[in-house]
Amino acid sequence: MKEQLTESKSIYLQISDMIETDILRGILLEEEQVPSTNELARQYTINPATAAKGINLLVEEGILYKKRGIGMFVAAGAREAINQKRRKAFGETHLAPLLREAESLGVTREELIAMIQDK
Amino acid sequence: MKLQCTDLVKTYGYLNAVDHVDLTLEQGKIYGLIGRNGAGKTTLLSLLTAQNPATSGEVELDGQRVWENRSALDHLCFSRELNISPETGLGNIKVKEYLRIASVYYPHWDAGMAQRLVALFRLPVKKKLQKLSKGMLSMVTIVVALASKAEFTFLDEPVAGLDVVARDQFYKLLLEEYSATGRTFVISTHIIEEAADVLEEVIILREGKLLMVENVQDLLDSARYVSGRAEEVDAAVTGLEIHHAESMGRSKGVAVLLRQGQAIDESRDVTVQPMSLQKVFVALCGEEEKA
Amino acid sequence: MRERSFRFWRRYALELLGVGLGAALFFLIISALGAQPEALTGVFMSVPYYIMMGCSFALVLCCFSIHISYIPLVLAMGSTRREAFWGFLLCRTAVVVVAVALSLLVWAFLPGDVARDGRKLLPLLCLILLLAANLGSLMGLIYQKWRGIGVALLALVCGAVGGGCAMLVMSDSYSVPLFPSRIGPLGWWTAMGTVLWLLMAAADLLLTRRSLRRSEVKL
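Cut-offs applied
- Residues numbered from 1 in each chain as written.
- Chains lettered and ligands numbered in written order.
- Predicted model: local features only at pLDDT ≥ 70, side-chain atom pairs only at ≥ 80, totals over all residues.
- Heavy atoms only, no water.
- Helix = DSSP H or I, 4+ residues; strand = E, 2+ residues; numbered from the N terminus.
- Expected span 1.5 Å × (residues − 1).
- Buried < 20%, exposed > 50% of the residue type's maximum accessible area, 1.4 Å probe, protein only.
- Polar contact = N/O pair within 3.5 Å; in protein donor to acceptor, adjacent residues only side chain to side chain.
- Contact = heavy atoms within 4.5 Å.
- Buried area = accessible area lost by both parts, 1.4 Å probe.
- Salt bridge = Lys/Arg side-chain N within 4 Å of Asp/Glu carboxyl O.
- Pairing = 2+ DSSP bridges.
- Axes fitted to C-alpha atoms, helices over the stretch in contact; angles between N-to-C directions.
- Parallel < 35°, antiparallel > 145°, perpendicular 65-115°, else oblique.
- Left-handed = near helix turned anticlockwise from the far one by under 90°.
- Nonpolar A, V, L, I, M, F, W, Y, C, P; charged D, E, K, R; others polar.

(A) Examining helix α6 (residues 164-181) of chain B more closely. Residues and elements named next belong to chain B. Helix length check: α6, at 18 residues, gives a terminal C-alpha distance of 26 Å against a target of 26 Å (1.5 Å per residue), a fit within 8%. Buried within α6 we find Ala166, Arg167, Phe170, Tyr171, Leu173, Leu174, Leu175, Glu177 and Tyr178. For α6, the N-terminal capping position is held by aspartate 163, with its side-chain oxygen 3.1 Å away from the main-chain nitrogen of valine 165. One or two residues past the end of α6 sits glycine 182, with phi positive at roughly 65 degrees.

Structure follows, in structure tokens:
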């Protein structure tokens with residue numbers, strides 16, 4: 001999780017995205033502990049409450065769970081869950097902008113499909 | 001513990017520097033206080049810490065008046081910007097002396113921390129205050145604020161005069177102290193974007209009045225910049241709270257603050273972008289462009 | 001008063017005393033250096049006069065400057081105005097008490113005219129010290145509001161006091177021990193002095209209190 005924070009997206013979302021990406025990449029394994037809110041706050045120079053918001057988002061989605069008195073851990077099946085989630089969101093986050101841009105440029109569906117096949 | 005002010009007013013001549021402000025500060029948060037020059041930030045901080053008498057209204061800590069109240073004042077620290085001029089008699093006081101007096105008056109003063117910070121900042125303790133650069137004076141106020149260990153600590157422009165590296169150092173120290181102790185910090189600053197990540201809530205003051213007190217992340221989640229052709233933009237934001245509309249030729253850009261349940265009409269051909277805290281502030285407190 | 005506030009004012013009182021006694025020592029040395037050998041005992045018998053002069057000087061200057069330096073500073077650090085008021089008053093009084101006590105100590109056990117006259121003058125000298133404090137404080141309050149007038153007054157008073165002290169010290173060292181015999185009816189002077197002091201003290205304390213209540217801390 002050594003990326004930098006950008007300005008384009010809410011910080012707490014970036015935190016949760018980073019943790020998800022780390023889980024996908026195998027940097028954080030299932031049943032392993034994730035950095036605490038204080039550690040995240042220190043690393044990125046952000047308010048601990050903001051880090052907590054990002055983590056709580058993942059807890060709500062079942063990707064992380066809390067072990068009382070110890071900290072936050074990666075839930076079993078988290079990797080698969082994240083994969084599913086991102087697949088579903090792929091349409092909205094990547095496809096829709098692509099189609100909008102194609103439309104504004106006047107690129108037809110056939111041209112688009114041809115471009116994809118050529119890549 | 002809560003620090004609360006009710007209907008607080010401070011009048012100078014005909015001007016209300018602080019204009020009927022109701023504010024509650026909770027324990028364990030980092031607040032940012034932002035506003036243009038002359039918006040009343042320093043005055044508000046002075047009133048909250050009983051360093052200025054209010055014209056009317058109350059300031060209470062856990063229901064007890066703060067004014068002339070020793071036990072309440074024991075929990076507060078206002079480390080203000082030091083403007084040493086020949087008119088104030090303080091120029092002749094040495095840094096060492098200033099810190100010594102702070103150590104006498106703040107009941108929870110942490111001498112060890114003060115020493116560490118003085119060493120970290122390489123403060124020339126034997127020098128008189130008038131011989132210090134603006135940056136060094138800022139560091140002195142930061143040392144006092146952090147080492148005071150007060151439950152409610154107020155800093156007025158703590159990073160004025162500090163270079164980028166020193167500012168970064170300050171934010172890290174602040175977070176470290178906050179994580180360790182859960183003290184409440186209220187920081188007034190002009191360097192909004194840098195501080196934005198560190199703040200939990202932001203207090204915006206405009207011409208003496210309280211404009212808003214919001215969780216920073218919530219505010220940023222609800223603020224969007226919509227741009228494109230003027231007609232499209234207008235259609236996309238009908239019924240929404242807009243600020244600071246700017247036009248250039250046929251294009252228009254406007255800042256939108258979404259309320260619960262509201263959304264921008266994205267079927268329109270407009271670009272919707274998130275906004276930084278600084279941009280939100282300018283949209284709210286900057287001058288409206290004349291159409 | 002919180003113990004912490006007391007600590008601050010106690011230390012300030014000691015510093016003030018240090019300045020006053022340091023000045024006294026300075027006058028003593030100058031006097032001693034300029035005196036004829038046979039007059040030296042006279043000079044040493046006059047130590048209390050030097051203490052009075054030094055402490056008066058110190059009181060005037062410090063009480064003047066405190067309104068723009070230490071008082072705003074302690075208020076900024078969380079002192080209440082009440083504590084600042086009483087702290088200021090107590091430390092000035094402490095300095096006066098110590099100066100008078102030291103003088104009494106010197107003159108109580110010494111034989112001779114100088115000591116005897118000195119003992120008689122003590123109430124008046126005590127009043128002078130108290131007046132010096134009030135004067136300094138009042139000038140400081142004036143300076144807060146009208147800078148120019150305040151500075152002018154300070155220059156005037158310091159010039160007069162300084163000049164007076166210098167005259168006494170530099171002149172024929174006999175004149176200090178003989179000073180008491182020149183000034184006339186002691187009772188009248190003491191009475192007038194007391195009245196003057198009461199008026200100045202009232203003005204000083206009331207205005208200081210008023211200034212503190214309304215003050216806005218600006219550092």
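Don't stop here, the text continues.
(B) How the structure looks around the interface of chain B and chain C. Facing 31 residues of chain B, the contacting portion of chain C comprises 31 residues. A combined buried area of about 2,900 Å² lies between chain B and chain C, and 54% of that area is made up of carbon and sulfur atoms. The largest share of the area that chain B buries against chain C comes from Glu68(B), Arg70(B) and Tyr105(B), three residues that together contribute 27% of it. At the junction of chain B with chain C, the criterion picks out four salt bridges. Glu83(C) is the salt-bridge partner of Arg70(B), the closest N and O atoms lying 3.5 Å from each other.

(C) Looking closely at the pattern of salt bridges. Scanning all chains against the criterion turns up 27 salt bridges over all chains. Between Glu201(B) and Lys29(B) there is a salt bridge, with its nearest N and O atoms 2.6 Å apart. Highlighted residues: Glu201(B) in strand β9 (residues 201-206) and Lys29(B) in the loop between β2 (15-26) and β3 (30-35), separated in sequence by 172 residues. Residue Glu201(B) shares its accessibility class with Lys29(B), and that shared class is buried. Salt bridges linked by common partners bring Glu20(A), Glu61(A), Lys85(A) and Arg86(A) together as one network.

(D) Main features of the arrangement of the chains. Sorting the two pairs of chains in contact by contact count puts chains B and C at the top. In this assembly chain A lies apart from chain C, the nearest approach of their C-alpha atoms being 28 Å.

(E) Up close: the sheet that holds strand β4 (residues 56-61) of chain B. Residue and element names in this part refer to chain B. The four strands lie next to each other as β2-β1-β4-β5, forming an open sheet whose pairing is antiparallel. Across the chains shown, the open sheet's two edge strands, defined by having one partner strand only, are β2 and β5 (64-65). In terms of strand pairing, strand β1 (residues 2-12) meets β2 through eight bridges, oriented antiparallel. Across the sheet, leucine 3 pairs through a bridge with leucine 25, a residue of β2.

(F) A look at the interface of chain A and chain B. Counting from both sides, the interface comprises 14 residues of chain A and, opposite them, 14 residues of chain B. Both faces considered, chain A and chain B share a buried interface measuring about 1,300 Å² in area, 48% of it formed by carbon and sulfur atoms. If you look at where chain A meets chain B, you find one salt bridge. With a closest N to O distance of 2.7 Å, Lys53(A) and Asp218(B) form a salt bridge. No other element matches helix α3 (residues 48-60) of chain A, which puts four residues into the side of chain A that touches chain B.

(G) The side chain of Ser16(A), seen in detail. All names here are of chain A. Secondary-structure assignment places serine 16 in helix α1 (residues 11-24). Take serine 16: its relative accessible area is 3%, and that puts it in the buried class. Setting aside residues up to four positions removed in sequence, serine 16 forms contacts with Gly54, Leu57 and Leu58.

(H) Expanded view of the packing of helix α4 (residues 111-121) of chain B against helix α5 (residues 134-147) of chain B. Residue and element names in this part refer to chain B. For the pair α4 and α5, the least separation of the axes is 9 Å and the interaxial angle reads 160 degrees. Relative to α5, α4 is oriented roughly antiparallel. Both α4 and α5 take part in a crossing whose hand is right-handed. For the pair α4 and α5, contact is made by Met113, Ala114, Leu117, Val118 and Phe121 and by Met136, Met139, Ile142, Val143, Leu146 and Ala147, respectively. Classifying every residue of the contact of α4 with α5 gives eleven nonpolar, no polar and no charged.

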